[in-house]
Amino acid sequence: MLENLIAKIEQYNPQADLDQIIRAYNFAESAHQGQMRRSGERFFMHPFNVAMILADLNMDLGTIIAGLLHDVIEDTDVTFNNVVKVFGEEIALLVDGVTKLKKLKYRTKQETQAENLRKMVVAMSQDIRVIIIKLADRLHNIRTLDYMPDDKKKEKAMETLEIYAPIAHRLGISRIKWELEDLSLRYIDPEGYYELVEKVSKKRRERENNINHIIKILKNKIVEMDIEGEIYGRPKSFYSIYKKMVYQNKSFEQIFDLTAIRIIVDNVKDCYGVLGTAHTMWKPIPGRFKDYIAMPKPNMYQSLHTTVIGPEGEPFEIQIRTLDMHKIAEFGIAAHWKYKQGKVKSDEFDSKLSWLRQMLELQKDFNDPTEFMESLKIDVFTDEVFVFTPKGDVINLPAGSTPIDFAYKIHSAVGNNCAGAKVDGRIVPLDYKLKNGNIIEILTSAHSHGPSYDWLKIVKSSQAKSKIKQWFKKENRDEHINKGKELLEKEVKRLGYKLMEILKEEWLERIAEKVSISSVDDLFAALGYGSINLPQVINKLKEYYEEYYGKKDKEVPAEIPKPKKDNIPQQGVIVKGIDNVKVRFSRCCNPVPQDEIVGYITRGRGLSVHRKDCPNINELSPNGRLMDVEWDTTKKTSYQAEIQLKGIDRSGLLTDLTQLVSQTDLSMTSLNARTNKEKFVVINITLEIKDVDQLKNLMKKIKLIKGIIDVYRVTT
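Predicted, not measured: the structure shown is a model, and the values here were computed from it.

A. Quick peek at the environment of Lys696. Along the chain, Lys696 falls in helix H30 (residues 692-703). Placed 16 residues apart in sequence, Lys696 and Tyr712 show a C-alpha to C-alpha distance of 9.3 Å.

Here's what the structure looks like:
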């Protein structure tokens, strides 16, 4: 095994210090001694394969060593300091960075996933190699997913498609992106995947002769032009075909570009020469030519794309690029690695990561992790539009952007003073949707009163939204401070706390620091403006309150009513040994009859009933105020329960879902649906039910609806 890794490294880095690789290999193998994977193979096979994937990407030695060691801090007795001592601080920090990402678990709650994304962006900004190692780790895990339980397979596959494949795309590592997508599809829709594989296999065999004929014609023509180049057919990934069928509602027979012709030549001049030749031989399809050489994608991808009508009357795509461009297309950011051969990072490399620096700046502005996640999906994981300044500079923006987005991309002052815009020489409204190739000129006014609140509904980019919000925060600061303070005091009183006891200055300062805000007044302003949610602050205050008074004043009793002999059921629940206590059902886990439950005595709000498997119980139980409770089976009461569905968005999905719920005679109190760029839909439904069996039966039926991937109860 070690010989294979060394041979792979020597192919692209013959000067490598292989003693370091051997030392890391032996160190990791020894640390993982006796550990096994679900498949029954040695655990060490996982970090070894991660290192092999990194070597396939031609990564530097430090990254490959960190790949071999990436699980030692997480899964063995090895400490950070041990790694520093043996391999140095640089490699130890890489391992530690991946370890922190390893701890991120995929939960049903969007807020948790959002916070994980925030941590990932921060880790990427500190050293981009951390996320490259994590992508290699995820790729090997998805390759060996067969040994996981079925629900975990779907969970991991969904997470991969929603987060890791888009990150691989943004970093330009198409080799990893395609494999992550295809393997994930296999677990999300196995039936659709294998049916597609069979159809593609048959279709490719039919078209093989045609493609070979086209390649032969092109080779002869290129030789005549005295151009050296390599030509071959590139099959389209299964996932990209699947997306066209599902999201564009096309049948398999309507998809013609199953195979593209790729031509790799020596220089840019030859790229355009071959393009001109191809267009003289076959008729190009209008609107299907893309010049990514003149206008590279933000992930550094460069190539010429054109679609032409072939000799048999079927359209096919041609991609033309140089060898350097091809390496970047395959390896992305890894092809430009700043630490290779000890080189200092260049301004050019730094500019390649400008989008990452921008996201790091934006994450500081979004105290609500869910809002940050939405901005990340818009700015990083969506399609883009390329437009020009009057001087000819290329500006990339999220698809659907407006002149206001463009103005704020240029400078905050240009955005704040924007009074109008010209597109291709014509004045357009500010909500005009920009198109590729537009030349944009922003008209500013020295007498501008600043942005309008309506602009927040118009703009698409999170950068523009953030700058507009910052302007309003600054302009109305005093008003927001008063409003935020009033909101906080009102909520504290409603919960039964005394202001002097809970609104302590030092506690508010600690909360402000935790959410990256410089002062208590700024915290009040953020509450008033709405950039911080009230529950974020309240929950922290309650936590500090419990710590302070629970330890400092042991005589402060929990509000537990005196026991009485007769137990009177309260709201469908019997509290053992206690009468006349106010009962409420916790919103974090929404218990319903037949769930195993436990009660928790709160200060000022009576008894809160939780499911025994509720994650919050572990945090509450050390306080010693848990009570035995049971369902009152004689009382017929309705209860609220929330479920979350994940699936592939399609026309009629919501109709099918609502019809099914109505057929079960259950009352739906709320429904929230959202989709992402990949057309995956997440739907949250709150229902009124009598017991858990009703819920289970409904969830079984929902799973049978076409397009639904998974259904589960929501727990915070």
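B. Structural view of the packing of helix H9 (residues 129-143) against helix H10 (residues 150-170). Remark: H9 packs on H10, axes separated minimally by 11 Å, with the N-to-C direction vectors making an angle of 145 degrees. Crossing geometry of H9 relative to H10 is assigned as left-handed. Every residue of H10 that contacts H9 at Ile131, Lys134, Leu135, Arg138 and Ile142 is listed here: Lys156, Ala157, Glu159, Thr160, Tyr164, Ile167 and Ala168. A class-by-class count of the residues in the contact of H9 with H10 yields seven nonpolar, one polar and four charged.

C. Region of interest: the packing of helix H1 (residues 2-12) against helix H4 (residues 61-69). Interhelical geometry of H1 versus H4 gives an angle of 160 degrees and a closest axis separation of 12 Å. Accordingly, the angle class assigned to the pair H1 and H4 is roughly antiparallel. By crossing handedness, the relation of H1 to H4 is classed as right-handed. Across the interface between the two elements, Leu5, Ile9 and Tyr12 of H1 pack against Leu61, Ile64 and Leu68 of H4. Counted by class, the contact of H1 with H4 contains six nonpolar, no polar and no charged residues.

D. The arrangement of unusual backbone geometry in detail. With a phi close to 60 degrees, Asp226 is a non-glycine residue in the positive phi region. Assignment of secondary structure puts Asp226 in the loop between helix H12 (190-224) and strand S1 (229-235). You will see that Asp424, though not glycine, has its phi angle at about 55 degrees, which is positive. Of note, Asp424 is situated in the loop between strand S8 (418-423) and strand S9 (426-428). Overall, Asp424 belongs to the partly exposed group, its relative accessible area being 47%.

E. A look at the sheet that holds strand S15 (residues 626-627). A sheet is described by the order of its strands in space; here four strands give the open sequence S12-S14-S13-S15, paired in mixed fashion. Pairing within the sheet leaves two strands with one partner each, and these edge strands are strand S12 (583-585) and S15. Taken together, the five bridges between strand S13 (residues 597-601) and strand S14 (residues 607-611) define a ladder with antiparallel strand orientation. Within S14, the position partnered with Ile601 by the bridge is Leu607.

F. Looking closely at the sheet that holds S1. The strand order S1-S2-S5-S4-S3 describes an open sheet built from five strands, whose pairing is mixed. Since the sheet does not close on itself, it has two edges, and those belong to S1 and strand S3 (290-291), each with one partner. Alignment of S1 against strand S2 (residues 259-265), held across seven bridges, turns out to be antiparallel. Of the residues in S2, the one forming a bridge with Arg234 is Ala260.

What counts, and at which threshold
Residues numbered from 1 in each chain as written. Predicted model: local features only at pLDDT ≥ 70, side-chain atom pairs only at ≥ 80, totals over all residues. Heavy atoms only, no water. Helix = DSSP H or I, 4+ residues; strand = E, 2+ residues; numbered from the N terminus. Axes fitted to C-alpha atoms, helices over the stretch in contact; angles between N-to-C directions. Left-handed = near helix turned anticlockwise from the far one by under 90°. Contact = heavy atoms within 4.5 Å. Nonpolar A, V, L, I, M, F, W, Y, C, P; charged D, E, K, R; others polar. Parallel < 35°, antiparallel > 145°, perpendicular 65-115°, else oblique. Buried < 20%, exposed > 50% of the residue type's maximum accessible area, 1.4 Å probe, protein only. Pairing = 2+ DSSP bridges.

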